[in-house]
Amino acid sequence: MDEKLLKLRHSLSHVMAEAVLKKFPDALLGIGPAIEEGFYYDFLLPRALTPEDLNEIEQEMRRIVKGNIKFVRKELSRAEARKAFKNQKFKLELIDELPEGETISTYTSDTFTDLCKGPHVESTKEIPANAFKLLEASGAYWRGDEKNPQLQRIYGTAFSSKNELDEYLKRLEEIKERDHRKLGKDLELFHLSDEIGAGLVLWMPKGAAVRMALEEYWKSAHFKAGYQVVYSPHIAKLDLWKTSHHWEFYRENMYSPMEIEGQDYELKPMNCPFHLQMYKMRKRSYRELPLRWAELGTVYRFERSGVLHGLMRVRGFTQDDAHIIVTPEQLESELVNILNLNLEILRTCGFSEYDIYLSTMPDHHVGTYENWEKATSALKSVLEKTNLPYKIDPGEGVFYGPKIDIKIKDTLGRAWQCTTIQVDFNLPEAFHITYVGEDGQEHQPIMLHRALMGSLERFFGVLIEHYKGAFPVWMAPVQARLIPVTDKQTEYCRRVVAELRDMGIRAELDDAPERMQKKIMTAQHEKVPYQLVVGEREAGQEQVAVRLRTNEDLGPMPLADFKRMIRRIIDERSASLK
RNA sequence: GCCCGAGUAGCUCAGUGGAAGAUCGCCUGCUUGGUAAGCAGGAAGUCGCGGGUCCGAUCCCCGCCUCGGGCUCCA
């Protein structure tokens, strides 16, 4: 965000606070910063805000802005500041936490003075009165800590011109239209049923078709990259999770154990301990490494009810997981392999822009500082060698090791965390896994955890929003829909469907007692890539008239030509339709 | 989990302290139509669940559930 916009938004948050104080003179003030998409301010108020309140506050803000109010900065001593904000306990807390020697300043505009280091606009003259809007009120804990009192946060947004505001509001509308929950319902991709339980996904046939296409591609890409696929059960003895340290470090996300014949079993939140048991089935040689075991493993994690969100945040999900056992010498080159496979898979699925983060050692962790250091520098060096720009996320690693997280950017530029690549010295240690080296001695290998799509549920949610439901042909739930012009062509259409299905193409006949135009509209709404219209002319000449969901009409073509075209588009996993 | 808001037909959504509505979809009949909605008829609702107030509650009150927007956390 540029400096000008930042000043504008931050100044508006002060104007908003003034308006709120006029309405609620006893309001206690939290903080009120400018943010990525606007600004907010937190207040402790005597009652809950209503939408009408927001309206009134916004009107009052417009009145204030039009008054050409000056923003005046003043520096003061800690004692003066404490005195000035003696009735504002949250501000006092902030003052007391300012480090010794820090300049303390306030900004006064009109009747409102706030503890603030600035900067601000010179005067509200610089704020266009028609380019800001209050968006919503919600709850927010003081300082983001749920042990603290909950304040009411008012969000607003502001721009340098009405045009930009309108564009932003239009973008919000666009986001709403792409919402995977809405599209998932309209297109019958998935279903979340109260009676099944929150955060537990039912994949409807059309969503399942997309998933199968993804899984098929995923398997072939992994096969080429030297992976082997494995399967493991959904529950395991609680002791396994104690050995792995998950019970100690990850318990808050795990479900309560269930007792089976006097033994405690636990629903799996991760796949790794299973793969380690497979490794330990027998003695392993360095000649077998790197050992790459992949599993579409379904895990269950407890998530607080308030964080669940469609497919993006659920309680049961399938990771495209893999665990790779390497010797220390193989670590870096294997990380490069993973990154390459990852970028290839993401690109094929339509994503070519990313935000990459390197997450370092968290406070609560296992393992030696030395190992953490080694692992972190390996990740760093690989990112640098592959020329991928990244940011450091300090303290955000997993308890057993540092990680690279990749957020993919969709068509609207929104970032979604999917890929995670983690280095782990802990589990090999905890499970005492070894390999016999060239020297005949036992050594401890390093384990890599990685999920590229992340979870199929979230990845699917991102895909739905990215493509707005109009999936590339290779993923599309229905790839071709046969539309007879009259009933007389139904038999021919049935035969074409059978022939296409023989080729593995998801083709369907629309034999509803409706007119062709209606069937085209239905296919358009369902975003079916190819609508094959068949009238007397086509049926008589072994042809189909090909209409694309882009509304483009390719006209009649020999059925054999269409088959060749769709075969090629699918095999190339092309984003195009012809 | 917490704060705020919402829950009416399969979907989207009107509505009312006194007989529950529309559109699309679904079913039936007619229509056989050449690139985005043919005509007619019909079925469909425990008005989220439980309790309370009231002669009477889908509507008012209380509790719960689910969903949405946030806070916090994550694939």
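Preceding block: the structure.
Bear in mind the structure is a predicted one, so any value in this text is a computation, not a measurement. (Residues numbered from 1 in each chain as written. Chains lettered and ligands numbered in written order. Predicted model: local features only at pLDDT ≥ 70, side-chain atom pairs only at ≥ 80, totals over all residues. Heavy atoms only, no water.)

**Some details on the overall build of chain A**
Okay, step 1: Looking only at helices and strands, chain A features 18 helices and 28 strands.
Okay, step 2: Referenced to the eigenvectors of the C-alpha coordinate spread, the extents of chain A come out at roughly 85 × 75 × 50 Å.
Okay, step 3: Considering chain A as a whole, with its 578 residues, one finds that 52% of them fall into the buried category.
Okay, step 4: Intrachain contacts of chain A at a sequence separation of at least 6 include 70% that bridge at least 24 residues.
Okay, step 5: Of the accessible surface of chain A, which amounts to about 28,000 Å², a share of 49% is contributed by carbon and sulfur atoms.
Okay, step 6: Computed over 81 positive and 89 negative side-chain charges, the inter-centroid distance for chain A is 3 Å. (Helix = DSSP H or I, 4+ residues; strand = E, 2+ residues; numbered from the N terminus. Buried < 20%, exposed > 50% of the residue type's maximum accessible area, 1.4 Å probe, protein only. Contact = heavy atoms within 4.5 Å. Areas by Shrake-Rupley, 256 points an atom, 1.4 Å probe, with all protein chains shown as cover. Lys, Arg positive; Asp, Glu negative; His and termini not counted. Charge placed at Lys NZ, Arg CZ, Asp CG, Glu CD.)

**A few points about the pattern of salt bridges**
Okay, step 1: Within this structure, the stated rule accounts for 47 salt bridges.
Okay, step 2: Here glutamate 18 and lysine 22 are joined by a salt bridge, their closest N and O atoms 3.3 Å apart. Taken together, the residues glutamate 18 and lysine 22, both in helix 1 (residues 3-23) and four residues apart, mark about one turn of the helix.
Okay, step 3: Salt-bridge contacts for lysine 563 lead to glutamate 499; the nearest nitrogen and oxygen are separated by 2.6 Å. Here lysine 563 is found in helix 18 (residues 559-571), whereas its partner glutamate 499 is found in helix 15 (residues 490-502), with 64 residues between them in sequence.
Okay, step 4: Residues joined in a network through salt bridges with shared partners are Glu18, Lys22, Glu60 and Arg63. (Salt bridge = Lys/Arg side-chain N within 4 Å of Asp/Glu carboxyl O.)

**Remarks on helix 11 (residues 331-348)**
Residue pairs three or four apart in sequence face the same way in an α-helix, which turns once every 3.6 residues.
Okay, step 1: Under the 1.5 Å per step criterion, the end-to-end length of helix 11 is 26 Å for 18 residues, consistent within 8% with the ideal 26 Å.
Okay, step 2: Three or more residues of helix 11 are buried, namely Leu331, Glu334, Leu335, Ile338, Leu339, Leu341, Asn342, Leu343, Ile345 and Leu346.
Okay, step 3: Directly after helix 11, the chain includes glycine 350, whose backbone phi takes a positive value near 105 degrees. (Expected span 1.5 Å × (residues − 1).)

**Quick look at the layout of surface pockets**
Gaps between atoms show up when a probe of the same size as a water molecule is rolled over them.
Okay, step 1: In this structure, the largest pocket encloses a volume near 1,100 Å³.
Okay, step 2: Residue lining of the largest pocket: 39 residues in total, with Tyr250, Met270, Arg301, Glu303 and Lys403 positioned closest to the centre.
Okay, step 3: If you list the elements that add at least two residues to the lining of the largest pocket, you get strand 16 (316-326), strand 19 (403-409), strand 20 (415-424) and strand 23 (446-455).
Okay, step 4: The greatest single-element share of the lining of the largest pocket, amounting to five residues, is contributed by strand 23.
Okay, step 5: Of the residues contributing to the lining of the largest pocket, the split by class is 15 nonpolar, 13 polar and 11 charged.
Okay, step 6: Quantified by volume, the second largest pocket comes out at close to 520 Å³.
Okay, step 7: Around the second largest pocket, the lining comprises 23 residues; the ones closest to its centre are Ile31, Leu94, Leu115, Cys116 and Lys117.
Okay, step 8: Looking at the lining of the second largest pocket, the elements that each hand over two or more residues are helix 1, helix 4 (89-97), strand 5 (104-109) and strand 6 (112-115). (1 Å grid on protein atoms, 1.4 Å probe; cavity = no way out; pocket = protein on both sides within 12 Å on 5 of 7 lines; lining within 4 Å. Points joined across faces, edges and corners; volume = space filled by probe spheres on them. Nonpolar A, V, L, I, M, F, W, Y, C, P; charged D, E, K, R; others polar.)

**Re the pairing of strand 14 (residues 263-267)**
Along any regular strand, the residues point their side chains to alternate faces of the sheet.
Okay, step 1: Relative to strand 14, strand 12 (residues 235-237) runs antiparallel, the two being bridged by three bridges. If you follow lysine 237 over to strand 14, its bridge partner there is tyrosine 265.
Okay, step 2: Bridging between strand 13 (residues 258-260) and strand 14 involves three bridges; their strand directions are antiparallel. Among the inter-strand pairings, methionine 258 is bridged to a residue of strand 14, identified as tyrosine 265.
Okay, step 3: Where strand 13 folds back on strand 14, the antiparallel hairpin that results is connected by two residues, among which glutamate 261 adopts a positive phi of roughly 50 degrees. (Pairing = 2+ DSSP bridges.)

**Structural notes on the sheet that holds strand 4 (residues 71-76)**
Okay, step 1: Taken together, three strands build an open sheet; the order of strands is 4-5-6 and the sheet is antiparallel. Since the sheet does not close on itself, it has two edges, and those belong to strand 4 and strand 6, each with one partner. Strand-to-strand twist of the sheet, defined as the mean angle between neighbouring strand axes without regard to direction, takes the value 25 degrees.
Okay, step 2: Note that strand 4 and strand 5 share six bridges and pair antiparallel. Bridged to arginine 73 within strand 5 is tyrosine 107.
Okay, step 3: Sitting on the sheet, helix 1 is in contact with strand 4, strand 5 and strand 6, with an inclination near 125 degrees to strand 6. (Axes fitted to C-alpha atoms, helices over the stretch in contact; angles between N-to-C directions.)

**Section: the protein's contact with RNA strand B**
Okay, step 1: Inspection of the region around RNA strand B gives 55 residues, with Gln150, Arg313, Gln417, Val485 and Arg515 positioned closest.
Okay, step 2: Atoms of RNA strand B within 4 Å of the protein belong to the sugar or the phosphate in 47% of instances, the rest to bases.
Okay, step 3: Tyrosine 155 is positioned such that a nitrogen or oxygen atom in its side chain is 3.0 Å from a sugar or linking oxygen of RNA strand B.
Okay, step 4: Counting residues per element, the ones that place at least two in the surface near RNA strand B are strand 7 (132-141), strand 8 (150-158), helix 6 (180-186), strand 20, strand 23, helix 16 (516-525), helix 17 (536-540) and strand 27 (543-548).
Okay, step 5: In terms of residue count, helix 16 provides more of the surface near RNA strand B than any other element does, seven residues in total.
Okay, step 6: Across the surface near RNA strand B, the residue classes break down as 15 nonpolar, 18 polar and 22 charged. (Near = heavy atom within 4 Å. Polar contact = N/O pair within 3.5 Å; in protein donor to acceptor, adjacent residues only side chain to side chain.)

**Overview of the packing of helix 15 against helix 18**
Okay, step 1: The contact between helix 15 and helix 18 brings their axes to 12 Å, and the two run at 35 degrees. Pair helix 15 / helix 18 crosses with right-handed handedness. Residues Tyr492, Val496, Glu499 and Leu500 of helix 15 form the contact with helix 18, whose participating residues are Leu559, Phe562 and Lys563.
Okay, step 2: Class assignment for the residues of the contact of helix 15 with helix 18 results in five nonpolar, no polar and two charged. (Left-handed = near helix turned anticlockwise from the far one by under 90°.)

**Observations concerning the packing of helix 7 (residues 205-224) against helix 11**
Okay, step 1: For the pair helix 7 and helix 11, interaxial distance at closest approach is 11 Å and the crossing angle is 150 degrees. Between helix 7 and helix 11, the angle is such that the two are roughly antiparallel. As helix 7 packs across helix 11, the resulting crossing turns out to be right-handed. Contacts between helix 7 and helix 11 involve Tyr217, Trp218, Ala221 and His222 on the former and, on the latter, Leu341, Glu344, Ile345 and Thr348. (Parallel < 35°, antiparallel > 145°, perpendicular 65-115°, else oblique.)

**Things to note about the packing of aromatic side chains**
Okay, step 1: A full pass over the atoms with the stated rule returns 13 aromatic pairs.
Okay, step 2: Taken together, the ring pairs in this structure connect Trp203, Phe460 and Phe471 into an aromatic cluster.
Okay, step 3: Looking at arginine 284, its charged tip hangs above the ring of tyrosine 279, at a distance of 5.4 Å from the centre.
Okay, step 4: Here the guanidinium or amino end of arginine 573 rests over the ring plane of tryptophan 474, the centre of that ring lying 5.3 Å away. (Phe/Tyr/Trp six-rings, centres within 6.5 Å; stacked < 30°, edge-to-face > 60°. Lys NZ or Arg CZ within 6 Å of the ring centre and 35° of its normal.)

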